[in-house]
Amino acid sequence: MQKSNIPNKILKWYDNNKRTLPWRKKTSTKNREYFTLVSEFMLQQTQVKTVIPYFENFIKNFPDLKSLAKSSDQKILKNWEGLGYYSRARNLKKTAIKLIEEFKGQLPKDIEKLKSLPGIGEYTSRSILAIAHNEPYIPMDGNVERILKRVFLLKTNNEISKENLNKKKSFFGFSKRSSDYAQAIMEIGALICKPSIPLCNHCPLTKNCKAFNRKDFLIKSKNKFNKIKYFEANVYRYKNKYLLIKNKKFNFLKNLVIFPMTEITQKTFKYSVHKKINVKMSNMNMKIIINRKNKMKRKKDSLFLDKSNINKYILPSFTKKIFNSLSH
Ligand code: SF4
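Reading the values: rules and limits
- Position numbers for residues start from 1 in each chain and track the written sequence from start to end.
- For a predicted model such as this one, the threshold for reporting local features is a pLDDT of at least 70, and the threshold for listing and counting side-chain atom pairs is 80 or more; totals across whole chains, interfaces and linings nevertheless cover every residue.
- Only DSSP runs of H or I reaching four residues or more are called helices, and only runs of E reaching two or more are called strands; each is numbered from the N terminus.
- Throughout, a residue-residue contact means that the two C-beta atoms, derived from backbone geometry, are no farther apart than 7 Å.
- Using a C-beta atom placed from the backbone, a residue is described as near a molecule or strand when that atom lies within 6 Å of it.
- When residue character is reported, Ala, Val, Leu, Ile, Met, Phe, Trp, Tyr, Cys and Pro are called nonpolar, Asp, Glu, Lys and Arg charged, and the others, Gly included, polar.
- Residue ranges for the domains originate in an automatic or database domain assignment.
- Exposure in this text rests on C-beta crowding, where 20 or more other C-beta atoms within 10 Å of a residue's own make it buried, 12 or fewer make it exposed, and counts in between make it partly exposed. The C-beta atoms are placed from the backbone.
- An expected span of 1.5 Å times one less than the residue number is assigned to each helix.
- Strands were regarded as paired on the criterion that DSSP finds at least two bridges between them.
- To obtain each axis, a line is fitted to C-alpha atoms, and for helices this fit is confined to the stretch in contact; angles are then taken between N-to-C directions over 0 to 180 degrees.
- Throughout this description, any angle smaller than 35 degrees is read as roughly parallel, any larger than 145 degrees as roughly antiparallel, any in the 65 to 115 degree range as roughly perpendicular, and the remainder as oblique.

Q: I would appreciate a short explanation of the overall build of the protein in the present structure.
A: On a plain count of helices and strands, the protein comes out with 14 helices and seven strands. Overall size of the protein, expressed as C-alpha extent along the three principal axes, is 70 × 50 × 30 Å. For the protein, long-range pairs separated by at least 24 residues make up 67% of all intrachain contacts whose partners lie at least 6 apart in sequence.

Here you go:
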């Protein structure tokens, strides 16, 4: 496999085909760091097209680290509403405060220091180093993994293990344009080497790709299986308002407002006569019975919300789904 000109081929493709994304706008160093930080937090577990309007709105309301660090949690969450994974928004604010207090408002260039910041792990630290600091890192996201799986036709569990994929990453080599190079590889994965039907006619890697040679594009992924969990949501209405609580109990949607709920067994769910709904979360499928109550005690951290006003509140989409399932 001829590898020496891989970076040139990929960067040439990128220069002619890259998307215009709001966080890629040519800006000052400070803005480049801030834009990278915000976009990388938003892009964790979320697709580019979903992130774009949220990013633009967020930057309008919090144009720099200072404005973000000073803002109330309430305002930040309101701007994050609908994007999900709300802990990212809280961590982003904590990171902004820490950067101002301990790093003179700059993103550190040391990977360990970056990883010490809230919400920044292995992948995000590498993305920041490559994209904001032009350091020679290639962050491994699903897009990069898919290209490697096809280029080397990796199928077995051993072949597609993280360890082996990290070894195979040397295929890409490095470029002095590290920032563009990392984004270019991810962009080819997102736009060309698509999961079901890759657009090989537009790909600069056809001569290096085993999948293309053998016309075998089937991707082997590790068995990802969303757990099914069963819940009973207790719905109590009083004078057009519904009782909600701040979630201290479950590890998902922590501290956000939910209907009082308990986890139940599959059997209880199956035999319940109450209305049932399904909610797909990114890491589990929730099956919920809606149990209308005539009486309920108001506890600490509870509040009454009017259904017609739910858009004014910061509610996880999951709580809104339950609201929407209620006819009165
Ligand atoms: S040639 Fe086709 S399968 Fe191979 S990396 Fe390019 S788009 Fe993917």
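Q: Would you mind showing me how to read the site of the ligand here?
A: Around the ligand sit 14 residues in total, of which Cys 193, Pro 198, Cys 200, Cys 203 and Cys 209 are the nearest. The leading source of residues in the shell around the ligand is helix α9 (residues 142-151), at three residues. Its residues placed into classes, the shell around the ligand shows twelve nonpolar, one polar and one charged.

Q: When you look at the domain arrangement of the protein in this model, what are you seeing that I'm missing?
A: How big an interface is tends to be stated in terms of accessible area lost as the parts join. The assigned domain composition of the protein is domain 1 (6-214) and domain 2 (227-325). Between domain 1 and domain 2, the C-alpha centre-to-centre distance is 34 Å. Counting from both sides, the interface comprises eight residues of domain 1 and, opposite them, five residues of domain 2.

Q: Could you clarify how one ought to interpret the environment of Lys 241 in this entry?
A: Here Lys 241 lies in strand β2 (residues 241-246). Note on Lys 241: 14 C-beta atoms within 10 Å, which makes it partly exposed. In this view, Lys 241 contacts Phe 304, Leu 305 and Asp 306; residues no more than four positions away in its chain are not counted.

Q: Just to check I follow, could you spell out helix α3 (residues 48-61) for this structure?
A: Residues three or four positions apart in an α-helix share a direction because the helix packs 3.6 residues into each turn. For α3, built from 14 residues, the straight-helix expectation of 20 Å at 1.5 Å per residue is met to within 8% by its first-to-last C-alpha distance of 20 Å. Along α3, the residues classified as buried are Val 51, Phe 55, Phe 58 and Ile 59.

Q: Explain the pairing of β2 to me, please; I cannot follow it from the model alone.
A: Here strand β1 (residues 227-238) pairs with β2 via two bridges, running antiparallel. The residue of β2 that forms the bridge with Tyr 238 is Lys 241. Following β1, the chain reverses through two residues before pairing antiparallel with β2; Lys 239 in that reversal takes a positive phi of roughly 45°. Inspection of the sheet shows β2 paired to strand β7 (residues 302-306) by five bridges, in the antiparallel sense. Within β7, the residue paired with Leu 244 across the bridge is Leu 303. The pairing of β2 with strand β3 (residues 257-258) spans two bridges and is antiparallel. Along β3, the bridge assignment pairs Lys 246 with Val 257.

Q: Help me understand the pairing of strand β6 (residues 284-293) in this model?
A: A regular strand places its side chains so that they alternate between the two faces of the sheet. Pairing geometry for β1 and β6, over ten bridges, is parallel. Its bridge partner being in β6, Phe 231 is matched across the sheet by Ile 288. The pairing of strand β5 (residues 275-280) with β6 spans six bridges and is classified as antiparallel. Across the sheet, the residue bridging to Lys 280 is Asn 285, located in β6.

Q: Would you take a moment to explain the environment of Ser 302 for this structure?
A: Positionally, Ser 302 belongs in strand β7. C-alpha of Ser 302 to C-alpha of Ile 245: the two residues are 57 residues apart in sequence and 4.1 Å apart in space.

Q: How should the packing of α9 against helix α11 (residues 178-191) be read in this particular structure?
A: The angle between the axes and the distance between the axes are what describe a pair of packed helices. The contact between α9 and α11 brings their axes to 8 Å, and the two run at 75°. Judged by the angle between their axes, α9 and α11 are roughly perpendicular. Every residue of α11 that contacts α9 at Asn 143, Val 144, Arg 146 and Ile 147 is listed here: Ile 185, Met 186, Ile 188, Gly 189 and Ala 190. Classifying every residue of the contact of α9 with α11 by side-chain character gives six nonpolar, two polar and one charged.

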